[in-house]
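Fold and geometry: a report
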Amino acid sequence: MQRNLYRLSLIVVVISQIFGGAGLSAGVTVGALLAQDMLGTESSAGVPSALLTFGSAVASFFIGRFSQRFGRWSGLGWGFITGGIGAIGVIFSAVNSSVSLLFLSLFIYGAGTAANLQARYAGTDFAKPNQRAKAISIAMVSTTLGAVAGPNMVGITGRFATSFGLPALTGLFILAAVSFILAGIVLLLFLRPDPLITAKTISVESQPKTVEKKVSSPKDNKGLVVGATVMVLTQIVMVAIMTMTPIHMKHHGFSLADVGVVIGIHVGLMYLPSLFTGILVDKNGRTAMSIASGFVLLLAGLIAALAPTNSQLLLIPALALLGLGWNIGLISGTALIVDATDPADRAKKQGAIDVLVALAGATGGILSGVVVATPVIQSFRLPVVHWHLG
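In short, a report on the structure. (Residues numbered from 1 in each chain as written. Predicted model: local features only at pLDDT ≥ 70, side-chain atom pairs only at ≥ 80, totals over all residues. Heavy atoms only, no water.)

Looking now at the packing of aromatic side chains. Counting across every chain of the model gives 7 aromatic pairs. The aromatic ring of Tyr121 is capped on one face by Arg120, whose charged end is 4.2 Å from the ring centroid. Lying across the ring of Trp73, Arg192 places its NZ or CZ 4.0 Å from the centre. (Phe/Tyr/Trp six-rings, centres within 6.5 Å; stacked < 30°, edge-to-face > 60°. Lys NZ or Arg CZ within 6 Å of the ring centre and 35° of its normal.)

Structure (C-alpha cells):
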C-alpha cells in the first residue's frame, strides 16, 4: 500500500512541478531588468532577487506550518497560488510605473518559489531511507521542462505582452502567473491522500504503545545542522552570481534573447541532473556529494572570473556548472534534513530551514548589486571583477 501511495504522490508532485518550474523563470530572468528600467540605476539591480527571496523565506515558514497542520496539499497549493497573485501584481506595477507595487509584488511572488522548492519534500514522506535522495531528485527534475522553457520564451512572451499594450518584460510574469496558479490547483485537488498526514499516521501506528514521543538524538541534530549549512552556502553562491548575470550581459551588449539562453541553460542544470544526482547521493552518501558540490561551485566561479566580458562561449559553461553545483548541494542537504526528521514535526523543521536558505539567497542577491555598483568596482573593467562578483 505504501509503495502505491509513494508513486501516486510523486505523480501529482511531478505534474505540479512542471507548471511551477515555468513560473520560476520570470523573477530570475527579467526581474532585475524590470527594476533597472523603472529605477534607472544598477545599484538596485539585486533588490528584486532579494525581495523575492525574502518573500520566499516568509512563505517557507508558513508553508511548513500549514503543511504540518493541514497537509502538504494545503501548504504547497496555496503557496503556489499566492506566488501567482504576486506575478499579477508585478504586471500591474509595470503598467502603472509603480516601484512600491513592484517591490511588494516581488515579495509575494516569492511564495511560488518557496512552494516549488518545498515540493521536493513531498515525495520523501512515503520513501524508504535508501530512496529519499532519488525521491527528491524526481520532484526536482520534473521542474526542468518549465524552468528551461521559461527563459527561452522571453521573446515570445514579450511579443504577447506588447500585443496587449503591456511592457515586453511583463511577458514572463504573465506566464508565471498562469503556471503558479495551475500548479496550486493541481496540488489542492489531487494530492490526496496527503503524504505527510498519512506518513504521520503510519509512523504512530507502527510505534509500540509505550512510546509516546520521539526524542531528538545528537545525531539527528547534527544532520539538521550539516544539511542546513550545505544548503545555505550553496544558495548564497548561486544567487549572488546568477542575480547579476542578466545585468552584466546587458551592460556588455548582449540581447534579451542571449540572456534567456544563458539563464535557461543555468536553470536547466539546476534541475535536469537531479535524477542522476539523487541516485549518486543515495549510493555514495550525503557527505561525499556535499563536498563534490563545493568543488563544482568553485570551478564555476573560476571560469566565470577568467571569462572575457563579451564571451558567451565561456559564460554558458560557467553558469551551467553553477547550476550543477547548486543541484548537488541542495539534494545532498535536503537528504540530510529528511534523514534527521520525523513525520511528527518534519514539515515544520523543513520550513524553518528553508527560511534560512531563502534569507541566504536574499543576502547574496542584494549584496551582489551593491558591490558591483560601488565606485571602486566601477573603476575597474577587468573580466575578473565583473564575473567573480556577479
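Okay, helix H2 (residues 31–39) next. Those residues of H2 not exposed but buried are Gly31, Ala32, Leu33, Leu34, Ala35 and Gln36. Backbone geometry just after H2 places Gly40 at a positive phi near 75°. (Buried < 20%, exposed > 50% of the residue type's maximum accessible area, 1.4 Å probe, protein only. Helix = DSSP H or I, 4+ residues; strand = E, 2+ residues; numbered from the N terminus.)

On to the side chain of Ser142. By the element assignment, Ser142 lies in the loop between helix H6 (132–141) and helix H7 (144–152). By relative accessible area, Ser142 is classed as buried at 8%. A polar contact of 2.7 Å, which involves the side chain of Ser142, links it to the backbone oxygen of Ala139. (Polar contact = N/O pair within 3.5 Å; in protein donor to acceptor, adjacent residues only side chain to side chain.)

Our next topic: the pattern of salt bridges. Considering all chains together, one arrives at 7 salt bridges under this definition. Its salt-bridge partner being Arg120, residue Asp354 comes within 3.1 Å of it at the nearest N-O pair. Taken together, the residues span a long stretch of sequence, with Asp354 in helix H16 (residues 346–372) and Arg120 in helix H5 (residues 99–122) at a distance of 234 residues. In this structure, Asp354 and Arg120 share a single accessibility class: buried. Notably, a salt bridge pairs Asp345 with Lys349, separated by 3.2 Å at the nearest N-O pair. Take Asp345: its relative accessible area is 23%, and that puts it in the partly exposed class. For Lys349, a relative accessible area of 21% puts it in the partly exposed group. (Salt bridge = Lys/Arg side-chain N within 4 Å of Asp/Glu carboxyl O.)

Bringing the nonpolar core into the picture now. Within the largest apolar cluster, 45 residues are counted, with the highest numbers of intra-cluster contacts made by Met140, Met231, Met238, Tyr271, Leu322, Trp326 and Ile353. When residues of this core are traced back to their parent elements, those giving at least two are H5, H6, helix H11 (218–251), helix H12 (256–271), helix H14 (286–306), helix H15 (312–339) and H16. Of all the elements, H15 adds the most residues to this core, at 12 residues. The contact partners of Leu322, leaving out residues within four places of it in the chain, are Val237, Met238, Ile241, Met242, His266, Leu297 and Ala300. One finds Ala87, Ala94, Ala161 and Ile247 within the second-largest nonpolar core, a separate group that totals 44 residues. (Core = buried A, V, L, I, M, F, W, Y, C linked by side-chain atoms within 4.5 Å. Contact = heavy atoms within 4.5 Å.)

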